[in-house]
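If you want the building blocks of each chain, they are given just below.
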Amino acid sequence: MAFAVKEINENPQILPNFSLGFHIYDSYFNGRWTFGATMRLTSSRDPFVPTYKCDTRDNLVAVIGGLDSDTSRHVATILSTYKVPQLTYGSASVMRNISPGYSIYQMAPNETLQYVGIMALLLHFKWTWVGILVMDDDNGERIVQTIWFSLLSRDLPKFQNYIMNRNPSNAKGDGFIKDFWQHAFNCVFQDEVLDELEGGICTGKEKLESLPGLFFEINMTSHSYGIYRAVYAVAHAVHAMHSLHSKHRTMMNRMGLTLLGQDHWQLHDFLRGIAFNDSTGNKLSLNENGELVAGYDIMNWWPAALLATARREVKEGEQFCCYDCIIPACPEEERFHSDQKVYARLMLLSARSEIRILNFQQVSAESGETSLLLSCFFFSWPIANPIEFEEYSQLALFEDLIIVPQNYQHIMALAFAVKEINENPQILPNCSLGFHIYDSYFNGRWTFGATMRLTSSQDPFVPNYKCDTWDNLVAVIGGLDSDISLHVATILGTYKVPQLTYGSSPVIRDKSLGYFIYQMTPNEKLQYVGILALLLHFKWTWVGILVMDDDNGERIVQTLSSMFSDHGICIALIERCPRSNFADELLNMGHQGVRMITKVMESKSNVFVLFGQSYSVNDLRWLPRLSEGHWGTKGKVYILSSQMDFISTVYQRTWEADIIHGVLSFTVHSSDLPKFQNYVMNRNPSNAKGNGFIKDFWQNTFACVFQDQILNDVKDDICTGEEKLESLSGLIFEMTMTRHSYSIYRAVYAVAHAVHAMQSLHSKHRMMMNRKGLTLPGQDQWQLHDFLRGLAFNDSTGNKVSLNENGELIAGYDIMNWVISSNQSFNRVKVGRMEAQTAPECAFTINGEIITWPSWFNQVQPISVCSASCPPGYSKRVKEGEQFCCYDCIPCPEGKISDQKDSNDCYQCPDEKFPSKTRDFCISKYITFLSYEEPLGLSLAIFALSLSVITAVVLGTFIKHHNTPTVKANNRSLSYTLLISLLFSFLCALLFIGQPEMVTCLLRQPAFGTIFSVAISCILAKTITVVLAFMATKPGSRIRKWVGKRLANCIVVSCSLVQGGLCAVWLATCPPFPDFDMHSMTGEIILECNEGSLILFYLTLGYMGFLAIGSFLVAFLARKLPDTFNEAKFITFSMLVFCSVWLSFVPVYLSIKGKYVVVMEIFSILTSSAGLLSLIFTPKCYIIWLRPELNKQGRINVGKKSKCITVISFLQ
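So, here's what we can say about the structure. (Residues numbered from 1 in each chain as written. Predicted model: local features only at pLDDT ≥ 70, side-chain atom pairs only at ≥ 80, totals over all residues. Heavy atoms only, no water.)

1. Focus: the sheet that holds strand 38 (residues 1084-1090)
Quick reminder of the rule: Whether two strands pair depends on DSSP finding at least two bridges between them. Under the DSSP-based scheme used, a helix requires at least four consecutive residues in state H or I and a strand at least two consecutive residues in state E, with every element numbered from the N terminus. Note on geometry: axes are C-alpha line fits, over the in-contact stretch for helices, and angles between N-to-C directions span 0 to 180 degrees.
What the three strands build is an open sheet, ordered 36-38-37; its pairing is mixed. Two strands in the sheet have a free side with no partner beyond their single neighbour: strand 36 (926-928) and strand 37 (1073-1077). The sheet shows a mean angle of 30 degrees between the axes of neighbouring strands, taken without regard to direction. As paired elements, strand 37 and strand 38 share five bridges and run antiparallel to each other. For P1074, the partnering residue across the bridge sits in strand 38 and is C1089.

2. Quick look at the side chain of E575
Rule in force here: Here, residues are in contact when the closest pair of their heavy atoms is within 4.5 Å.
You can see E575 is positioned in strand 19 (residues 570-577). The residues contacting E575, other than those within four sequence positions of it, are I545, L546, V547, R595, M596 and K599.

3. Focus: the packing of aromatic side chains
Each aromatic ring pair is specified by the distance between its two centres and by the angle formed by the two planes. Put simply, the rule reads: Working definition: a ring pair exists when centres of Phe, Tyr or Trp rings (six-membered ring for Trp) sit within 6.5 Å. Plane angles under 30 degrees give stacked, over 60 give edge-to-face, the rest tilted. Think of it in three bands: residues with accessible area under 20% of the maximum for their type are buried, residues over 50% are exposed, and the middle band is partly exposed, with areas taken using a 1.4 Å probe on protein chains only.
Under the counting rule described, the total for this entry stands at 39 aromatic pairs. Between F3 and Y228, the ring centres sit 5.9 Å apart and the planes meet at 20 degrees, which makes this aromatic pair stacked. You can see F3 sitting in helix 1 (residues 2-10) and its partner Y228 sitting in helix 8 (residues 222-254), a full 225 residues away along the chain. We classify F3 as buried; its relative accessible area is 5%. Taking the centre distance of 5.3 Å and the plane angle of 50 degrees together, the rings of F416 and Y679 count as tilted. Taken together, the positions of F416 in helix 13 (residues 405-423) and Y679 in helix 20 (residues 674-681) put the pair 263 residues apart, joining distant regions of the chain. When sorted by exposure, F416 lands in the same class as Y679, which is buried.

4. What about the nonpolar core?
Soluble, globular proteins show a tendency: their nonpolar side chains are buried together. Selection rule: Among buried residues, those of type Ala, Val, Leu, Ile, Met, Phe, Trp, Tyr and Cys that are joined through side-chain atoms within 4.5 Å constitute a nonpolar core.
Ranked by size, the top nonpolar core spans 93 residues in total, and within it L535, W540, F564, I639, W698, L725 and F733 carry the most contacts. With twelve residues, helix 22 (residues 739-771) is the largest single contributor of residues to this core. Beyond its immediate chain neighbours, meaning those up to four positions away, L725 contacts V680, R683, F697, W698, F702, F733 and M735. Judged by nonpolar contacts, the second largest core, of 64 residues, contains L930, L974, C1018 and I1184.

5. A few points about a nonpolar patch on the surface
Spelled out, the test is: A patch is a set of surface residues, each over 30% in relative accessible area and not in a salt bridge, joined within 9 Å for like charges and within 5 Å for the nonpolar side chains Val, Leu, Ile, Met, Phe, Trp and Tyr. All accessible-area figures derive from a Shrake-Rupley calculation using a 1.4 Å probe, and residue coverage is judged against the displayed protein chains alone. We define a salt bridge as a side-chain nitrogen of Lys or Arg found within 4 Å of a carboxyl oxygen belonging to Asp or Glu.
On the surface, a nonpolar cluster with roughly 510 Å² of combined accessible area is contributed by V949, V953, Y1182, W1185 and L1186. Those elements that place two or more of their residues in the nonpolar patch are helix 25 (935-960) and helix 32 (1155-1186). Top contributing element to the nonpolar patch by residue count: helix 32, with three residues.

6. Digging into the state of the cysteines
The condition that has to hold: Pairs of cysteine sulfur atoms within 2.5 Å are what we label disulfides.
As enumerated under the stated definition, the model contains eight disulfides in all. Disulfide partner of C187: C202, at an S-S distance of 1.7 Å. Between C187 and C202, the S-S torsion sits near 100 degrees, and that sign places the bridge as right-handed. With C187 in strand 7 (residues 187-189) and C202 in strand 8 (residues 200-202), the pair connects residues that are 15 residues apart, well separated along the chain. C202 carries the same exposure label as C187, and that label is buried. Disulfide pairing places C570 opposite C885 at an S-S distance of 2.1 Å. Here the S-S torsion is close to 90 degrees, and the disulfide linking C570 with C885 is therefore right-handed.

Next comes the structure, spelled out in C-alpha cells:
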C-alpha cells in the first residue's frame, strides 16, 4: 500500500493537486475491534466522537480491506451507512449474500472462473479422487474446493527495490517495521532490551532478501498486488471525479451558479466500470458489479530439498509398484513421534489462501513443517483452458469447457432442413430460407441479449431498432430447455414472433402475457399416461422420481403423485436434482449428487422415473463416480422423459456408460432419414464453408488440432479434415437423426409450410386488391400465427405433421431401449409405443421380450415393489405408518378366499360354493340328504321296518290271544292302540329318509308328534287305570265308578287331541317346507325340511315330554302293586328309557348339523319306540309264547285271589 501511494503521489498525471494518505488499522480478526476501527475511520479521532466529523483536512475517500470475508462484512456494515466505497482484496465469495446496500468492490475476479480452473486442472490430469479442506463456516460449506488461485500479477522490479531498501532506520512513521524486524530476524533492538537477551541485537541493516521465502517474499504476492491495484483504482476514480467536477465548476461559474461539494457516494459512479493501466502497463478494469475483470495464474510450489530427501516405502502386502513417498521428519518430530510417517499430498489451494506464519522463526526447508506444501499448485488470477492453460474470459461458462458433440447434430439438422426446403420448388418458390444460430450458454442474461439481437439491427447493434429489410426474422426455433425457451418467449412476445420449441416446454403460469410458443413435442399428459402404462405393465409399484429442482419439477411431482396413487403405485423416493450453468456451483452440485446417489442406491426401488433437461443424462453419468463403491453392487432401471436425450461430453469419451445400459426412454415419434445420414457423412471442414462451428467440433470430437491453429507444442494429432464421422462411437456422435434433431427438422418444415400458406393467401388477396385499385398491407410476423395453429403437412418421409389449436404437436411417443454393447457402442432399440389418437386400451404397446435390462438383473425382468406379492389365499394389510404399497400378507380368515395375487381383501364364496383348503379358489358344494342309497339311511330304514314287523307280530299275537288274561290285563283295547301307534311310529321314521319334499315335510313332524302322543297317552291311561283299579278294590271306595274303559278312552282321546291341535295350528300358521342349508356344513348343501316355526316344534316335543313324565310318575307310584298282571314296573322302565332318549335328543339336536340331525331324530324315534315295545310287551309275549301255562286265571296267587279277581274284572 505504501509503495502504491508513493508512486501515485509522485506521478503528476494522477491527482496532480492532491496527495493520497492512508491509515492502517488492525482488525485482530475480531468483530468488535473491526467495528471500532471502522467507526474511527468515519469519525473525528482526537477526540473520538462516533458519527461526528469536524476536521476537513483528513477526508476519507475509500477503505481497502479486509483480508478475510468476515472482516470485510463487518467493515461493510458500517461503511454502507456512509456510502463509503470498500475495495476488498481477500476473500470475496461471501459478498454474494450481502445486502445490496453495501458498497463493495472486489479486486478479485468472479469466483466462477476459479471453479472452472479447478475443474479443468482435475480433468486434465484425470484426478477423479480428490480430498477437500475448507473452513468450518457457512462459506466453507458453500465452497468446497482447495486449489490455490491468486491474482494474475506482474513482476514489479521497483517494488522489490522499494522492499530491499526498507529498514528501521529509513522507514520513518512506520509503526510496524520494528516489530516485524525483530520477529523476522529473531533479534531485539538495543533500546528495547529489558531482560536477558535470547536472540541477537538488531542492527537494522539486516537484508530482507536473505529471509527464506516461506517467511517473507521479496516479490509482490497476490494479496499485495490486490492492494496495489485497489489503491490505483481509488486514485483513478478520484482523478476522474475531480476532472469532471472541475469541468462542471467552470460551466457553473459562467452561469453564476454554485456547484455542490463532492461526497463519498459520488465516487461509486466512477468506480463501476473503471478501466486504466497500472504502472506495468497492464489494463485493469472493474465490471458493473464491481468485480475485477482479470484472470488467474497457476503457480507451483516446489521445495526441491524436500523432494530430494524423500524415499519410497513399499506398501505392506502389495507389489513393489505400490509404494508411499516418505519424507523424513525433523529431529524433534522423530524424537516425539518416531512411529509416525509424514506423507506427501498434493494440495490445490484456493485464491483466498496464502502462507501465513504466525511466528517468524527460521525453519529449514528439510523440516517436517513444510511437508504439506510439497508440489502445491498455486493459481494466480485468468484461468486456463483444460489443456494448455491459456486465458479464458472471466464470463466463461462451464459449457465452454464441456463440448457436447451430439448437439452439433442439431445444427446439421437445421442446415439440412433449410437446404432441402430451398432446393424444393414446391415450397417457397420465390423465397430462400436462412438462419442465424445463437448460443444461450444456459444463462438468462446471454439469452435475453441474443434474442434482442435477433429482433434488432446487427451492425451496429441497436436494441429494438431494425433498419435492414433483407434479413427478415420469420420465427425462432428453441430453446433446448424450458428456462431458455421462457427467456426467449419473454422478448419475442413483445414482437409477436412465433417461437417453436423442440425441447421441454416451459411452464407458463400467466397465459395473459401473450407468449407465442409452439411445441414440436406432444402434450406432456400423453407422456405421463405412457409412463403410467409402462409401470402398470411390468407391475412396478414402488418407484422413485428424479426431477429438476425448479417449478417445472414441482409440477411434475404433483401430477405424477396423483396419477400413481390413483392406480396403486407408490413413490418410494423423490429427489430434486440441482441445476447449474456456471462452474462456481458445481461443487455444491457434487455434494448434492453424492447425497442423491446414496439415497438412490439405498432405496428398495429398482425403477426410477427421470424428468430432467437436455443435459441431465450427462449428470447421470457422473453418479457412478460420486458413489462410494455402491455402484458395483446395484443396478436400477431408469425411465427417461422425452426432454432428456443422450449426450456425452468430450472428457467423458473414455468413461464407461453402464449406468445408461438398459434405460427406457420416451421419445417423440420419428422416422429415419437416409438422406440426412449421407448429408452428415459428406460434411467435413474442407467443404463446410460458412460453418463456424465445424472446426471446433472436429477438433474436440476427433481429439486433434488443425495445422493452422497450432501455437505451441501439441500432444494431440493433427486434423486432416478427412476423418470419418461414421467411425465415431455412438457414445460420441450418432449418425442417425436423434429426437431433438428430428424436432428441429420438423420445426423448420412447419415454419416453411406456414410461410408458404401465408404467401399463397397473400398473393390471392393482392390480385383481388389490385383489380379493385386498392393496396394490400405488408406481411408481419404476427400473421404467421393463424397459419401455424392447426397446421398440417407431410414431411419428406411422408409422415403427417400437424399442430393442434394450442400449438402442440399431434404425435405419439416411441419407447426406446438404450443398449451399450461390450465394445461401448451405443444403440437405440424401439420396444414400444404410446399412440396419441387411439382408443385408450390400444394406445400403449410394448414388447418386453426384446428389452435389454441393466446387467445387474441378468436379463430377468426387474421387480420393483415395496413388499413381495401376496399369493392367492392371502390379503394385504398395510404396514402402520407406511404407504399403501408396503404391506404384510395375512392369510384369509375361515370361510373366505382370495383367488388373485395382491388382493386387498378376502371375500366369501357364493352360497353354492365353499373355500378350498388353501383358500385360493371356490369349490362347488355337493347336495346331501339322508337317502336310502347310503349305508346309514339304508340301515335306519331296515331297522325301522324290522321293528315295524316285530310290532305287527306282537299285535297279531295279542289279537290271536285276545281272550287270555295277559292280553286282557291292563285294558286290552289300550294295548291294541299302543301297538298300532308304535307300529306307525316305526313307519313314521321312513318319512325322515329320502329327499325332502313338500308332502314328507308336512307329514314328518306332525305325524311323529301325534303318533307318539297317542302312544304315550295309552301308557298314561294304562297306568292310571291300574292305579285306580287297585284303589277301587278298597271297601266303600268311590273310585270304583271311575274305573273302566270309558276313562281310559277319555284320557287317550283328550291327550291326543291336544297334540293334534298343536300340530293343526303349526300346519296352519308356519308349516314345514323343503329348504337348503348351505352354511351348516362346509362343502355341503343340505336338503332338509325347515320346521317353519321352531316354537311350535319345541311345544310339540315339550308336550310329549310332559305326557311321558306324567306316565313315568304314575307308573312309578304303581310299581309296588301286585305284579302278576301288573305292568306298572315295565311302564316305569319304558318311560325312563323314553325320557332319557328324548332328553338327550334336545342338546344333541341343537349341536349337530346337516343330515345327522335327521339321523339323530330317527334314532331317537326308533330307540324310544323300541324301548316301549320291548319293555312293555316282551314279558307278555314271553308268557304267551313260552309260558302259556301262566296265561291262565287259575295260576293266580291264592292269597290274593279275591283282590286279583276284582282287579281283572275291572281291567277287562
